[in-house]
Structure formats: C-alpha cells, structure tokens
Amino acid sequence: MQPYETITVKPIGGTMGAEVSGVDLSKELGNEIFSEIHRAFLENQLLVFHDQDLTIEQNKAFAQRFGPLVPYPFVKGLEEHPEVFEIRKEPDEEKNFGGAWHTDMSFDERPPIATMLYAHEVPSRGGDTVLANLYRAYETLSPTMRAFVDGLTGVYSGDLKGRRGGRAALMNSTRFDATNVENAPKMESEHPLVRTHAETGRKALYISGSHLYRIKELSDKESDALVAFLKAHAGTLDFTARASYRKGTLVIWDNRCTQHMALNDYPGERRVMHRLTIGGGDRPH
C-alpha cells in the first residue's frame, strides 16, 4: 500500500477503519491533502479524526468535499442548516437512534455514499458506533453462495418492516422532531444484493439490516431464510471495527460497503452528535 505523505493513518480494526491525524479540518484543505484523505477513506471505509474544533459551516465544508449534502427524510434538520440534524439522547431516555444494523437510506433510489458524525457531547464511557465490512461479508461466502447471490435483487424499505410498529414506532420513541413518517411505507427501492463499488471496483454484500426485507427473485419462504442468513453473516464480529468518540471527534464512513449500528451502553448519560449525509452517488450496480 502506498504510504501517505501529508497525513498519518493508523488502522483501528483488523479488516477496516483508521484514525487520521496531522490535519486540522477547520482549515481549507489543499487538493493534495484531501486527495490523501479520500484515498484513506476508500482504503479503510471508516475514518476517525479526533480533537477537531469545527463550526457547523466548517463541518459542512469538509463534508461537501466528498459530495453534495442531502437531508435525512424523517427528522427535521437544524433551522439554518437543514442538511444537518442533531442526534441527541438524554440521560432519561432508554432507546437510542440507529441502534440496529443498517446502511443509511438504502431505501433510496440513489443511496448516500457516506455519513459523517461530529461529536458535540459524549458520555463518560460507551456510545461507540460499530461498523461491519461488507466487502469481507461477500468475500467470505463460499464460492457457491457467492455465485447464487450475485444475480439477486434486494428490496429495501424505509418503513423498518422488521420492527414492531415500523418507522412510526421508532420516531415516537425518541425526542426527534420527526417529519414525513407517514410516507415511509412508500419509500422502497430495489438494488443488487451484491453491489460493485463505483470507485474501488470491489464487490460488497449490500446488506442493510433494518431496511432489507426480501429478495425479489425468491419465494417468501426462500427469501426469509436467505435474508436471515445473510443478515447474521454480515454482522460477524470478525468483520467489524468500532469508532470511539470524544468531544470534537469527526467520523466518516462509506455506506456503499459498510453497515453500522450505534451502541446504547451509556445509561443515564447524554450523547449529542451532528449528522451529515453525503449524496451524489450512482444507483447501486
């Protein structure tokens, strides 16, 4: 692997993830340093930048180097920055947001290429995001299974069909200023179950635990069995890495080849993040 000249990249997991240091994201980045950050993003799928002091404008400016910002459809964004929404869990809340395996907005016709979180307030312990490497999830299937799933189509829904009460129940269980929830059942897309990454050319198993609910070409019983197997396989611990936060940590991950979940292991403490969703990708293929 080619060495980096303008940044330091330290792996944090056996199969994915890296901490990046030697860069101040509040400053305008030259093309050379951003090119290396982007290369690290593609090579590691998850990047963690600690000790960043960013305004919302600076946070957005860095995110927009990767692609255009898109709003999240079910939560109202900040009043002056609608592309940014606040993920807040208060000490008296039991449920968290994003606490199950998923790939962000996989129910869109053109799902976002990346998600960025910036930590404003973190608990004294816990509150990590766990991510799974979907390249490895595909590559570790048997050759026979890879050949079988390669031509299949997944159906992905915004309504969280595997959750009791669906999208509405999730939004009602939090303090979020929810919007558009009534349209969640209509938000559905079909994508290849195995997608080829547009920039790396590598194949990934496109599993989104909360959104993938059936396989188009199979009967209901066949689909249910294969979806259950693939979801369990994609969450194998050997494929994972953890993003750990402190105040001022910025994290970005590649939605095209990962899935993630937010851990809810900090009872009685507050956690506040700003989320930015980065679009501009093609339809999965």
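Residues numbered from 1 in each chain as written. Predicted model: local features only at pLDDT ≥ 70, side-chain atom pairs only at ≥ 80, totals over all residues. Heavy atoms only, no water.

Draft legend 1. Structural context of the overall build of the protein chain. If you tally the helices and strands in the protein chain, you get six helices and 16 strands. The C-alpha radius of gyration of the protein chain comes to 18 Å, within 12% of the 19 Å expected for a compact globule of 285 residues. Split into buried and exposed, the 285 residues of the protein chain put 54% on the buried side. Across the protein chain, every contact between residues at least 6 apart in sequence was considered, and the portion connecting residues at least 24 apart equals 83%. Entry remark: accessible area of the protein chain is about 12800 Å², with carbon and sulfur atoms responsible for 48%. Between the mean site of the 34 positive side-chain charges and the mean site of the 40 negative ones, the protein chain shows a separation of 4 Å. (Helix = DSSP H or I, 4+ residues; strand = E, 2+ residues; numbered from the N terminus. Rg over C-alpha atoms; globule rule 2.2 N^0.38 Å. Buried < 20%, exposed > 50% of the residue type's maximum accessible area, 1.4 Å probe, protein only. Contact = heavy atoms within 4.5 Å. Areas by Shrake-Rupley, 256 points an atom, 1.4 Å probe, with all protein chains shown as cover. Lys, Arg positive; Asp, Glu negative; His and termini not counted. Charge placed at Lys NZ, Arg CZ, Asp CG, Glu CD.)

Draft legend 2. Representation of unusual backbone geometry. With a phi close to 75 degrees, glutamine 45 is a non-glycine residue in the positive phi region. If you trace the backbone, glutamine 45 turns up in the loop between helix 1 (31-44) and strand 3 (46-49). Phi at aspartate 51 is positive, roughly 60 degrees, even though this residue is not glycine. Here aspartate 51 shows up in the loop between strand 3 and helix 2 (56-63). Overall, aspartate 51 belongs to the exposed group, its relative accessible area being 56%.

Draft legend 3. Quick look at the side chain of lysine 60. Here lysine 60 lies in helix 2. Look past the residues within four positions of lysine 60 in its chain and what remains in contact with it is Leu69, His81, Glu83, Val84 and Leu276.

Draft legend 4. Layout of the sheet that holds strand 7 (residues 129-133). The three strands are arranged 13-7-15 in an open sheet whose pairing can be described as antiparallel. Among the strands making up the open sheet, the edge pair consists of strand 13 (240-243) and strand 15 (258-262). Between one strand and the next, the sheet's axes are offset by a mean angle of 25 degrees, whatever the strand orientation. Alignment of strand 7 against strand 15, held across five bridges, turns out to be antiparallel. Paired with leucine 131 across the strands is histidine 260, a residue of strand 15. (Pairing = 2+ DSSP bridges. Axes fitted to C-alpha atoms, helices over the stretch in contact; angles between N-to-C directions.)

Draft legend 5. Summary view of the pairing of strand 14 (residues 250-254). Taken across its five residues, strand 14 has five buried, putting it largely inside the fold. Because side chains alternate across strand 14, one face comprises the buried residues Leu250, Ile252 and Asp254, and the other comprises Val251 and Trp253, equally buried.

Draft legend 6. Main features of the sheet that holds strand 8 (residues 153-157). A sheet is described by the order of its strands in space; here three strands give the open sequence 9-8-12, paired in antiparallel fashion. Looking along the sheet, the strands with just one partner apiece sit at the ends: strand 9 (188-192) and strand 12 (212-215). Ignoring strand direction, the axes of neighbouring strands in this sheet form an average angle of 30 degrees. Sheet topology note: the strand 8/strand 12 ladder contains three bridges and is antiparallel. Of the residues in strand 12, the one forming a bridge with tyrosine 156 is leucine 212.

Draft legend 7. Quick peek at the nonpolar core. Ranked by size, the top nonpolar core spans 29 residues in total, and within it Ile37, Phe49 and Phe62 carry the most contacts. Of all the elements in the fold, those that place two or more residues in this core are strand 2 (18-21), helix 1, strand 3, helix 2, strand 6 (114-121), strand 14 and strand 16 (271-278). No other element matches the six residues that helix 1 contributes to this core. Not counting chain neighbours up to four residues away, the residues in contact with phenylalanine 49 comprise Val20, Val23, Leu25, Ile37, Phe62, Gly248, Thr249, Leu250 and Ile252. (Core = buried A, V, L, I, M, F, W, Y, C linked by side-chain atoms within 4.5 Å.)

Draft legend 8. Local environment of the environment of valine 149. For valine 149, the position within the fold is in helix 4 (residues 143-149). Remark: the alpha-carbon pair of valine 149 and arginine 39, spanning 110 residues in sequence, is separated by 29 Å. In contact with valine 149, not counting residues within four places along its chain, are Leu141, Leu193, Val194, Leu205, Leu226 and Leu230.

Draft legend 9. The arrangement of the packing of aromatic side chains in detail. In this structure the tally under the stated criterion is 11 aromatic pairs. Considering the side-chain rings of tyrosine 72 and phenylalanine 74, the 5.8 Å spacing of their centres and the 85 degrees angle between planes classify their relative orientation as edge-to-face. Summarising the burial analysis for this pair, tyrosine 72 and phenylalanine 74 share the class buried. Three or more aromatic residues joined by ring pairs make a cluster, and in this case those are Phe34, Phe41, Phe49, Phe62 and Phe66. Stacked on the ring of tyrosine 135, the Lys or Arg arginine 202 has its end atom at 3.9 Å from the ring centre. When the ring centre of tyrosine 245 is taken as origin, the NZ or CZ atom of arginine 271, which lies over that ring, is 5.3 Å away. (Phe/Tyr/Trp six-rings, centres within 6.5 Å; stacked < 30°, edge-to-face > 60°. Lys NZ or Arg CZ within 6 Å of the ring centre and 35° of its normal.)

Draft legend 10. Layout of the pattern of salt bridges. Under the definition given, this model contains 21 salt bridges. As a salt-bridge pair, glutamate 90 and arginine 88 come within 3.1 Å of each other at their nearest N and O atoms. Glutamate 90 sits in the buried class, given a relative accessible area of 13%. Of the charged contacts, one joins arginine 242 and aspartate 128 as a salt bridge, the two residues approaching to 3.1 Å between their closest N and O atoms. With a gap of 114 residues between them, arginine 242 in strand 13 and aspartate 128 in the loop between strand 6 and strand 7 connect regions that are remote in the sequence. What makes aspartate 128 buried here is its relative accessible area of 10%. (Salt bridge = Lys/Arg side-chain N within 4 Å of Asp/Glu carboxyl O.)

Structural measurements only, silent on function.
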